[in-house]
Amino acid sequence: NIRDLTTGIDTAQPHGLAILPSNDHFQFENGLVITLRTSGTEPKIKYYAELCAKPEEKDLGKLRTILDRMVEAIVEEFLQPCLNNLKPKAD
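Here's a quick rundown of the structure. What you see is a predicted model; the values in this text were computed from it and never measured. In this numbering scheme, every chain counts its residues from 1 along its sequence in written order. Totals for whole chains, interfaces and linings use all residues, but because this is a predicted model, local features are given only for residues with pLDDT of at least 70 and pairs of side-chain atoms are given and counted only at 80 or more. Only hydrogens and water are set aside; all other atoms, that is, all heavy atoms of the structure, feed into the side-chain values.

### Quick look at the overall build of the protein chain
Point 1. Across its full length, the protein chain carries one helix and five strands.
Point 2. Put simply, DSSP H or I for four residues or longer makes a helix, DSSP E for two residues or longer makes a strand, and each gets a number counted from the N terminus. When the helices and strands of the protein chain are listed from N to C terminus, the series reads β-β-β-β-β-α.
Point 3. Judged by the C-alpha coordinates and their principal axes, the protein chain covers about 40 × 40 × 20 Å.
Point 4. Only protein chains enter the accessibility calculation, which uses a 1.4 Å probe; a residue whose area is less than 20% of its type maximum is buried, one above 50% is exposed, and one in between is partly exposed. Out of the 91 residues belonging to the protein chain, those deemed buried represent 21%.
Point 5. Working rule for contacts: check all heavy atoms of both residues, and any pair within 4.5 Å makes them a contact. Of the contacts made within the protein chain by residues no fewer than 6 positions apart, 20% connect residues no fewer than 24 positions apart.
Point 6. Per-residue and other accessible areas were derived by the Shrake-Rupley procedure at a 1.4 Å probe size, with only the shown protein chains allowed to occlude residues. Put simply, the protein chain shows about 7,100 Å² of open surface, and 55% of that area lies on carbon and sulfur atoms.
Point 7. When the 11 positive and 14 negative side-chain charges of the protein chain are each reduced to one mean point, those points stand 5 Å apart. Positive charges come from Lys and Arg, negative ones from Asp and Glu, while His and the chain ends are left out of the count. Charge coordinates come from a single atom per side chain, which is NZ of Lys, CZ of Arg, CG of Asp or CD of Glu.

### Topic: the nonpolar core
Point 1. Phe26, Leu32, Ile34, Leu36, Leu67, Met70, Val71, Ile74, Val75 and Leu79 form the largest nonpolar core, which has ten residues in total.
Point 2. Take this core: its biggest share by element is six residues, from helix α1 (residues 60-79).
Point 3. When sequence neighbours within four positions are dropped, the list of residues in contact with Ile74 reads Phe28, Leu32, Ile34 and Leu79. Only buried Ala, Val, Leu, Ile, Met, Phe, Trp, Tyr and Cys residues count toward a nonpolar core, and they belong to the same one when joined by side-chain atoms within 4.5 Å.

### As for the sheet that holds strand β5 (residues 45-51)
Point 1. With antiparallel pairing, the five strands of this open sheet are ordered in space as β2-β1-β3-β4-β5. Each edge of the sheet is formed by a strand with only one pairing partner; in this case those strands are β2 (9-10) and β5.
Point 2. With seven bridges connecting them, strand β4 (residues 32-38) and β5 associate as antiparallel partners. Each residue of the ladder has a partner; that of Leu32, found in β5, is Leu51. One bridge is not enough; two strands pair if DSSP finds at least two bridges between them.

### Digging into the side chain of Thr35
Point 1. As for its position among the elements, Thr35 is in strand β4.
Point 2. Polar contacts involving the side chain of Thr35 include one to the side chain of His25, which spans 3.1 Å. Side-chain atoms alone can form a polar contact between residues adjacent in sequence; in general such a contact is a pair of N or O atoms within 3.5 Å, and within protein one must be able to donate a hydrogen while the other accepts it.

If you want it as C-alpha cells, here you go:
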C-alpha cells in the first residue's frame, strides 16, 4: 500500500484517499514498512523502516539483510540521491 499525502492517496483505504495527516508511508507484502518525511526545520529528509516478519521467520541475519537491501533500493529509487545531490548523514 502507498500513502502519499502530497497527492492525497492512500491505497490502503477503500476509497483510495488519505485520511491521516502523516508522512509518505509505504507497506510491502513481505512486512516492510517505510516512512519518508522531510524536516520542517532543517534541510533534510528522514526515513524510518521496519520489517515485521512472520513469527516462523526466525533467522535475524537473513531478515536484517532483507531490510538493508530493501532500504537501499528504496532510497535509490525514490530519493535518487545522485540525481538530487543528496548526501547521507555522516556517522
